[in-house]
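For reference, the chains in residue letters:
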Amino acid sequence: MTLHAVVHDTIVIERRLPVAPEKVYAAWSDAAQRARWHFPGTDDWELAEFDQDFRVGGHERARFGPKGAPNLREEGRFLDIVSNERIVSAGTMHKDEVRISMTLCTVELAADGDGTLLKLTDQSAFLDGRERPDERRSGWGAVLERLADFLLSTSPPKG
């Protein structure tokens, strides 16, 4: 890869979640809930810092990564919010102090029977080979699995 190369990619992931859009939206908009599921990694990872001001123009900041060395940092702004329907943010990802990508992320929520169809669209510029689209796609997959697990663990059983 050449010095200062940029790879652009669009990732679209859809998931059906077994709870109402209001519950999915709350898991995203409430900082305490989001901190419990949003960041990728296994049990050997940690969320070292998280701050979210959930409003148009508000920020989101996090530092996370392997336990003892949480060297990934994301910083972003909320650009558009429609309660229970849409969240649009733009941000940067850093590894140590080096910017590795920039992203426009749109989350759409639609009622689907007794659940929610979530559509996430990630439009990113990956810088200098420091992060790859397949890594991001895998990361979002893990994050959305954690969201589903979180929603199931905090929902009363149906019946």
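Up top you'll find the structure we're talking about.
Here's what I pulled together on the structure shown here. Bear in mind that the values here come from a model prediction, so they are computed numbers and not experimental data. (Residues numbered from 1 in each chain as written. Predicted model: local features only at pLDDT ≥ 70, side-chain atom pairs only at ≥ 80, totals over all residues. Heavy atoms only, no water.)

1. Overview of the nonpolar core
Thinking step 1. Formed by 25 residues in total, the largest nonpolar core has its most connected members in Val 24, Trp 28, Val 107, Leu 118, Leu 147 and Leu 151.
Thinking step 2. Of all the secondary structure elements, the ones that give two or more residues to this core are strand 1 (6-17), helix 1 (21-29), strand 4 (72-82), strand 6 (98-112), strand 7 (115-127) and helix 3 (133-153).
Thinking step 3. Setting aside residues no more than four positions away along its own chain, Leu 147 makes contact with Leu 17, Val 24, Ala 27, Trp 28, Trp 37 and Leu 118. (Core = buried A, V, L, I, M, F, W, Y, C linked by side-chain atoms within 4.5 Å. Buried < 20%, exposed > 50% of the residue type's maximum accessible area, 1.4 Å probe, protein only. Helix = DSSP H or I, 4+ residues; strand = E, 2+ residues; numbered from the N terminus. Contact = heavy atoms within 4.5 Å.)

2. Quick look at the packing of aromatic side chains
Thinking step 1. Per the counting criterion, the structure on display carries six aromatic pairs.
Thinking step 2. An angle of 65° between the planes, with centres 5.3 Å apart, marks the rings of Phe 39 and Phe 50 as edge-to-face. Of this pair, Phe 39 sits in the loop between helix 2 (31-37) and strand 2 (45-52) while Phe 50 sits in strand 2, and the two are 11 residues apart along the sequence.
Thinking step 3. Judged by relative accessible area, which is 5%, Phe 39 ranks as buried.
Thinking step 4. For Phe 50, a relative accessible area of 22% gives the class partly exposed.
Thinking step 5. A centroid spacing of 4.8 Å and a plane angle of 65° characterise the contact between Phe 54 and Phe 78, whose relative ring orientation is edge-to-face. In this pair, Phe 54 is assigned in the loop between strand 2 and strand 3 (59-66) and Phe 78 in strand 4, connecting sequence segments 24 residues apart.
Thinking step 6. Among the aromatic residues, ring-to-ring pairing joins Phe 39, Trp 45, Phe 50 and Phe 64 into one connected group. (Phe/Tyr/Trp six-rings, centres within 6.5 Å; stacked < 30°, edge-to-face > 60°.)

3. A few points about the layout of surface pockets
Thinking step 1. Roughly 670 Å³ of internal volume is contained in the largest pocket.
Thinking step 2. Lining the largest pocket are 35 residues, and of these Phe 64, Glu 74, Met 93, Glu 131 and Arg 136 sit closest to its centre.
Thinking step 3. Listing elements by their share of the lining of the largest pocket, those giving two or more residues are strand 3, strand 4, strand 5 (86-95), strand 6 and helix 3.
Thinking step 4. For the lining of the largest pocket, the element with the most residues is strand 5, which contributes seven residues.
Thinking step 5. In the lining of the largest pocket, the residues fall into 16 nonpolar, nine polar and 10 charged. (1 Å grid on protein atoms, 1.4 Å probe; cavity = no way out; pocket = protein on both sides within 12 Å on 5 of 7 lines; lining within 4 Å. Points joined across faces, edges and corners; volume = space filled by probe spheres on them. Nonpolar A, V, L, I, M, F, W, Y, C, P; charged D, E, K, R; others polar.)

4. So, the pattern of salt bridges
Thinking step 1. Following the criterion strictly, the structure yields 16 salt bridges and no others.
Thinking step 2. A salt bridge links Arg 132 to Asp 134; the shortest N-O distance between them is 2.9 Å.
Thinking step 3. Exposure remark for Arg 132: the relative accessible area of 42% places this residue in the partly exposed category.
Thinking step 4. A relative accessible area of 41% means that Asp 134 is categorised as partly exposed.
Thinking step 5. Through salt bridges with shared partners, a single ionic network connects Arg 16, Asp 112 and Asp 114. (Salt bridge = Lys/Arg side-chain N within 4 Å of Asp/Glu carboxyl O.)

5. What about the packing of helix 1 against helix 3?
Thinking step 1. Where helix 1 meets helix 3, the closest approach of the two axes is 11 Å, and the angle between their N-to-C directions is 115°. Crossing geometry of helix 1 relative to helix 3 is assigned as right-handed. For the pair helix 1 and helix 3, contact is made by Lys 23, Val 24, Ala 27 and Trp 28 and by Trp 140, Leu 144, Leu 147, Phe 150 and Leu 151, respectively.
Thinking step 2. Considered class by class, the residues forming the contact of helix 1 with helix 3 number eight nonpolar, no polar and one charged. (Axes fitted to C-alpha atoms, helices over the stretch in contact; angles between N-to-C directions. Left-handed = near helix turned anticlockwise from the far one by under 90°.)

6. Looking at the side chain of Ser 89
Thinking step 1. Looking at the element boundaries, Ser 89 is found in strand 5.
Thinking step 2. Judged by relative accessible area, Ser 89 falls into the buried class, the value being 10%.
Thinking step 3. Of the polar contacts made by the side chain of Ser 89, one reaches the side chain of Glu 60; its length is 3.4 Å.
Thinking step 4. Other than its neighbours up to four places away in sequence, Ser 89 contacts Glu 60, Arg 77, Phe 78, Leu 79, Thr 103, Leu 104 and Cys 105. (Polar contact = N/O pair within 3.5 Å; in protein donor to acceptor, adjacent residues only side chain to side chain.)

Scope: geometric values only; no functional claims are made or implied.
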